[in-house]
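Breakdown of the fold
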Amino acid sequence: MTDEMTATIPLSGKLTHLADLTARYADPDFSVTHGGHVRTIAAGHYTVTGLSRHLRLGEFVAHRSKTGIHLGEVVRVEPDVAYVCPIEPGEPIGVHDTVIRKGAFRIAPDDSWCGRTINSLGEPIDGKGPLAPGNIRRAISNTAPPSMARQRVETGFKTGVRAIDLFSPLCLGQRLGIFAGSGVGKSTLLSMLARADAFDKVVIALVGERGREVREFIEDTLGANMAKAVAVVATSDESPMLRKMAPLSAITIAEHFRDQGDNVLFIVDSVTRFAHAIREVAMAAGEPPIARGYPASVFTELPRLLERAGPGEEGAGTITAIISILVDGDNHNDPIADSTRGILDGHIVLDRSLAEEGRYPPINPLASISRLARKAWTPEQEKLVSRLKTLMHRFEETRDLRLIGGYRTGSDPDLDMAIKQVPVIYEVLKQLPSEPLSNDAFADLANGLKAAAGANQMAPRAPMGR
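For the structure given in this document, a descriptive report is provided here. (Residues numbered from 1 in each chain as written. Predicted model: local features only at pLDDT ≥ 70, side-chain atom pairs only at ≥ 80, totals over all residues. Heavy atoms only, no water.)

1. As for the packing of helix 5 (residues 240–259) against helix 6 (residues 271–284)
What counts here: Only the stretch in contact is used when a helix axis is fitted, and all axes are lines through C-alpha atoms; the angle between N-to-C directions ranges over 0 to 180 degrees. Helix and strand assignments follow DSSP, with helices taken as H or I runs no shorter than four residues and strands as E runs no shorter than two, numbered in order from the N terminus. Should an angle fall under 35 degrees it is taken as roughly parallel, and over 145 as roughly antiparallel, whereas 65 to 115 is taken as roughly perpendicular and any remaining angle as oblique. Throughout, a crossing is termed right-handed when the near helix is turned clockwise from the far one, and left-handed when it is turned anticlockwise from it by less than a right angle. Pairs of residues are marked as contacts when any of their non-hydrogen atoms sit within 4.5 Å. Residue polarity is assigned by list, with Asp, Glu, Lys and Arg as charged and Ala, Val, Leu, Ile, Met, Phe, Trp, Tyr, Cys and Pro as nonpolar; anything else, Gly included, falls into the polar class.
Relative to each other, helix 5 and helix 6 sit at 135°, their axes nearing to 8 Å. One finds that helix 5 runs oblique with respect to helix 6. In this structure, helix 5 meets helix 6 at a crossing whose hand is left-handed. For the pair formed by helix 5 and helix 6, the contact residues are Pro 240, Met 241, Arg 243, Lys 244 and Pro 247 on the first element and Arg 273, Phe 274, Ala 277, Ile 278, Glu 280 and Val 281 on the second. Its residues assigned to classes, the contact of helix 5 with helix 6 shows seven nonpolar, no polar and four charged.

Below, the structure is given as structure tokens:
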């Protein structure tokens, strides 16, 4: 076998399995397939000779072994050798095995995919039969629409989560991050947001999740809403390549629905595990780390993914992105959290101390912000929220002083009001996943404050001394 070989692959005859693979994944413009062979094999990658001048970063190749055809992604190209990360670890790769260029990885989303659970390769994993391909094949490594061609973000919507609708309201086409440490409640909050009625379609990317939680999320959390949802799953035990591809395949499906005029909710849980997968692939390709163990490609891929969400071009729909960010060691300034925060249009901070107090969802209203909140609030609501935040800040900053008995009622009218009203506000913000979503968070808050005021007036007062 020579280092460089070029062969025309027929789409019929004995190579039916290869033809099927080509039809599903290859660039339709390829009529000639270039090939090479495996040179060296290492943990996490193998090298290929004979293909360097034909390959581009991110393209796919098909490794042909005795057991069949296996896909891999090109992660590094040198003059004489190309580095490939296999899609599945442990594939039976041998030196001098044939490797064939396949081009960009593509999927063909279709409306009939709603209600289905698929893997990163666009293959069904729910046992409901094959997926019908759509009319347009889309590369999962796509680019965002041009900035000046996009619609403006103008329309607010209700999530049904009172803490968000009151203090950090969202708009269609916004990108929001949920920042929290492990075990604080990110996935639970995402499950509540996935039930919002403002969207025509929901696309969910579960990246690095526990395998047992997938069915629980789909069957228990989404329930009837799964009829308008597509779930793309790459569990924690799958290869870094599949975990890297899951959000890319999911956003490609969301773009299909957006281009049809639908308002799409795009959920990623979590983008941190997406970054970890990129790091594993990059390190296997020899890329050096630059920030706390993360290579530069991580900070290139994150904005490329997140910028694809948002409003579409004129006449198209929107993609509202809600992603979770796992902050290592509850450090909200770690590289992934810090980089992602600068790309998003707002962030929700989940506080571990609030979860320990039993306040669910444990959203910290003072640390959370929506950059598009003013488009969702009325002027009166904006003034009210500003006043509420002032009272909450006053209540929290004097907590220690009040606990030691260092404050006397009547010394500060604002603090007196905060002591009366802030506990009521916190009680209104409590909301379990099993509870119905709120139709009007401001009305719920008003009713809670009125009920508390009425209870205080009816409470018997101690007789005054002479």
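Next comes the rest of the write-up.
2. Some words on the pairing of strand 20 (residues 318–326)
This is how the line gets drawn: Summary of the burial criterion: residues with accessible area below 20% of their type's maximum are buried, those above 50% are exposed, and those between are partly exposed, where the area comes from a 1.4 Å probe applied to protein chains only. Pairing between strands requires that DSSP locate at least two bridges from one strand to the other.
Across the nine residues of strand 20, nine count as buried, placing the element largely inside the fold. Here six bridges tie strand 13 (residues 175–180) to strand 20, and the two strands are oriented parallel to one another. Residue pairing across strands places Ala 180 opposite Leu 326, the latter belonging to strand 20. By the bridge criterion, six bridges tie strand 16 (residues 263–269) to strand 20 in an arrangement that is parallel. Following the sheet pairing, Val 264 is matched in strand 20 by Ile 319. What sits between the antiparallel neighbours strand 19 (residues 310–311) and strand 20 is a turn of six residues, in which Gly 315 has the positive phi angle 95°.

3. What about helix 6?
Selection rule: What a helix is expected to span follows from its residue count: subtract one and scale by 1.5 Å.
Taking 1.5 Å per residue, 14 residues should reach 20 Å; helix 6 reaches 20 Å between its end C-alpha atoms and fits that length. Phi turns positive, to about 90°, at Gly 286, one or two residues after helix 6.

4. Digging into the pairing of strand 5 (residues 68–77)
Remark: a regular strand shows side chains that alternate across the two faces of the sheet. With eight of 10 residues buried, strand 5 lies mostly within the body of the structure. In the sheet, strand 4 (residues 60–65) pairs with strand 5 via six bridges, with the strands oriented antiparallel. Directly across from Ser 65, in strand 5, lies its bridge partner Gly 68. Pairing of strand 5 with strand 6 (residues 82–86), which is carried by five bridges, proceeds in the antiparallel orientation. Bridge pairing in strand 6 links Glu 73 to Cys 85.

Shape descriptors only; they carry no functional weight alone.
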